[in-house]
Amino acid sequence: KAHHQRGPFARATRYSANDCVTMTASMGLKQKSCCSRAVVILCSFVAAAEATSFLRAGQVSEEDAARSLESELTAGHAGDARLRRLQDLLGPTYKTLPKNARGNLGHQAVRYVLHRLFVQQRGWFIRGLEPNNETWRPADKPATVKEWVPDFLQGRLEHLLGDQGTNLRELAAVAAALEDLVRKEAVGRLQTAYELHGLPLDQPVSERWVQEAMDTYFVAYLKKGNFSAEDTMELHYKKQLFARRYAGYGEVAAWLNGLVGRRMTPARTGRLNFSAVSDLAHEVGETFYAFNDLECRNLKRTLQGLEGKKAGRVRLSAFYNASLYSHWRFNEKADYLKKLGALDDSDPQQPKVIVPNYVMSRPNCLEASNLYAVCCRNECEDLMAYLEKQIGSSVADPAIIAELVANLPSDTVAAPRNLSESLLDRLYQVARTNFGHVPLHGRLFAQWMHHAYPRECPYPYEVGTTSPQTPDEWMQETGHQMATASEEEIKQQVASDSCASDALQAGSDCGDETDELPWSEAEELLTANFATTTPWLLGCSWIARLSVVVLASAGVAAATLGSWHRFAHWGTKDGKPIAVPARWLLVPLSSAAIALYAFGLLDGTTFVLAVGAGLIAMTVKQMTGQRLRRLLQNSSPKLPY
């Protein structure tokens, strides 16, 4: 949660176990009698290894992941209803994604659609599912659970299916397997909560004790599993301490009580078995995004109030200024914001925070699970879902898109509206770049949606230029001691900007600042091929494809014309040049074209066009062969072979 992650508990001083021993030993007798309890509580936070801990509860192994996937792929009637539900959710996006020759999805498209499903339906950011995830993690850095589980499931499925791709039911099976593993973790953590309270797993327990166990489970959920206790007395004190220090705990506790209360009797006189309580624990993870959305909207409205002339942009100075005079801790370093993709530095003199990119960024996520983080939902997904349902294809005519978007409202954009001339020009420019149609899942269209809905749709940076890193990951990679700017750095940034306001309002008159948002011509497309491709090749433009066609066509044409004219030679022999037959060009050029196609860099249509160009050259040769041969022989000396 936005302000919970920024709360004082998250910023509390960290102590080691040695520090605790030193503090206790250095106390006088009177101090020990007064403070020993406080020291014990403090030390217990850092002595998790000696206490019952949630960190390893419900851990997932490769065997668990493989078993879960196999179970969902072979699910009978009991699992059919669940898979049908997932297919209904995945279907509209699946229908509009590019397919391979068998009508199935390729590697990157599978990641894309699963990533969208969990972000949209649960607010779960599952690292390893975002398309082109390989681009940000160094090869020598071991994958965390969040990373290897999705990769393992997809790799296992592709091993079973071969190169045929993934159909809708198989896609739903992967989604179901991920849900199974999330549930396994939740059940493991609930078992730990039962153990701490001394509750039996094989017998129903009173609803009052269920409430206590769920409170403990929820504290561990909010603390990323980093919660432990040696006995019930320590557990009680640590829960009280957490409640006092966690900003907004009253509101979030009320949300939990409402969720649990719907499963219990009004007077809490009933009893529930462990299976029923497990359903409750799993429901916490499935529905917490709804409560988190309230905080996300509050964060978005706050940033919107700080905007300057550019919609969806907040000057870095105004962003920092708000942290000096309000409870909002807008203090991430500029370099960290840039790494997250939340900083627009197209004008280096006036860097700006991009509102939707920042709202959804990792500093505002709750790392609640070893499998996912709860992040602010991407509001643009709802808009895209509507367009996909109405269009029903991976590409669309720009006029159709313009009409749909003109009548599609968002949280901050009213409809119907007249799209500006510049916005329409951009849309048709996207179409011209892609042979007259607009690919719905390309980078340029995502950029256009950002221009159409600047506060809901994130700006799409080119692949490999940003990374969804947590503050700790960024500090480890860069060597910085902190991911937050110091008060001195913040004040320096504010003072350096003449447009910064002393209040929490948007910047004052900023001279030549315009409302125009930046635009990049780089296109990147999801491929329909099975093989995983490197990021820079996912967005081959029409110019690159045309170059491949020309090269491949030249190879075929050279092979057919090689017997007429030897245009190249190497060295000499007896004073005469040694010719190289032009047909020899067929070997490297044909090999290059086949390799490009095999590795997914040349789609089937382009490959057919290249071969067709060569066949045309052969036809020309048959029609004009004799005449052309005589002309070539008369115009050049005969070269020895």
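These numbers were taken from a predicted model, which means no experiment stands behind them.

A few words now on the packing of aromatic side chains. Enumeration according to the criterion identifies 23 aromatic pairs in this entry. Between the aromatic rings of Phe242 and Tyr246, the centroid separation amounts to 4.9 Å while the plane-to-plane angle is 35 degrees, which identifies the pairing as tilted. Among the residues examined, Phe242 registers a relative accessible area of 1% and is labelled buried. By the ring-pair criterion, three or more aromatic residues cluster together here, those being Phe218, Tyr221, Trp255, Phe288 and Phe291. Here Lys238 stacks its cationic end above the ring of Phe227, 5.4 Å away from the centre of that ring.

A few words on helix α8 (residues 168-197). The terminal C-alpha atoms of α8 lie 44 Å apart, and with 30 residues this matches the ideal 44 Å at 1.5 Å per residue to within 8%. Within α8, 22 of the 30 residues are buried, leaving the element largely enclosed by the surrounding structure. Just downstream of α8 lies Gly198, where phi reads positive at about 70 degrees.

Looking now at the environment of Lys333. Examined against the element boundaries, Lys333 turns out to sit in the loop between α13 (316-325) and α14 (334-340). For the pair formed by Lys333 and Thr484, sequence separation is 151 residues and the distance between their alpha carbons is 5.0 Å. Apart from residues lying up to four places away in sequence, Lys333 is in contact with Tyr320, Trp474, His480, Met482, Ala483, Thr484, Ala485 and Glu489.

What follows concerns the state of the cysteines. Cysteine pairs can be covalently joined through their sulfur atoms, and such a bond is termed a disulfide. In total, this model carries three disulfides according to the counting rule given. Residue pairing for Cys380: its cysteine sulfur links by disulfide to Cys457, the two sulfurs lying 2.0 Å apart. One disulfide, between Cys380 and Cys457, carries an S-S torsion of 80 degrees and so falls in the right-handed class. Here Cys380, found in helix α16 (residues 379-391), pairs with Cys457, found in the loop between α19 (443-452) and α20 (471-478); they are 77 residues apart in sequence, far enough to count as distant. Assigned by exposure class, Cys380 and Cys457 land together as buried. Shown here for the chain is a disulfide pattern of 1-4, 2-3, 5-6, where each number marks a bonded cysteine counted in sequence order.

If you look at the biggest cluster of nonpolar residues, it comprises 79 residues, and the most contacted ones within it are Met214, Tyr221 and Phe288. Broken down by element, this core gets its largest block of residues, 14 residues, from α8. Not counting residues within four places of it along the chain, the set of residues in contact with Met214 comprises Leu190, Leu256, Val260, Val277, Leu280, Ala281 and Val284.

Before going further, it helps to examine the sheet that holds strand β8 (residues 352-354). If you trace the three strands from one edge of the open sheet to the other, you get β6-β8-β7, paired in antiparallel fashion. Two strands in the sheet have a free side with no partner beyond their single neighbour: β6 (313-315) and β7 (343-344). Sheet topology places β6 next to β8; three bridges connect them, and they run antiparallel. Looking at β8, one finds that Arg313 is bridged to Ile354.

Basis of the calculations
- The numbering scheme is per chain: residues are counted from 1 as the chain's sequence reads.
- A pLDDT threshold of at least 70 governs which residues receive local features in this predicted model, and a stricter bar of 80 or more applies before side-chain atom pairs are shown or counted, although totals over entire chains, interfaces and linings include all residues.
- With hydrogens and water set aside, each side-chain value is computed from the structure's full complement of heavy atoms.
- Aromatic pairs are defined between Phe, Tyr and Trp rings, using the six-membered ring for Trp, whenever the two ring centres lie within 6.5 Å; interplanar angles under 30 degrees are classed as stacked, those over 60 as edge-to-face, and all others as tilted.
- Only protein chains enter the calculation, and the probe is 1.4 Å; a residue is then buried if its accessible area is under 20% of its type maximum, exposed if over 50%, and partly exposed in between.
- Consider the ring centre and the ring normal. A charge sits over the ring if Lys NZ or Arg CZ is within 6 Å of that centre and within 35 degrees of that normal.
- Here a helix means four or more residues in a row that DSSP labels H or I, a strand means two or more in a row labelled E, and each is numbered from the N terminus.
- Here the expected span of a helix is defined as 1.5 Å times the quantity of residues minus one.
- Contacts were defined at the residue level, with two residues in contact if any of their heavy atoms lie within 4.5 Å.
- Sulfur atoms of two cysteines make up a disulfide when they are within 2.5 Å.
- Put simply, a nonpolar core is a bunch of buried Ala, Val, Leu, Ile, Met, Phe, Trp, Tyr and Cys residues held in one set by side-chain atoms that sit within 4.5 Å of each other.
- Strands pair, by our definition, only if DSSP identifies at least two bridges between them.

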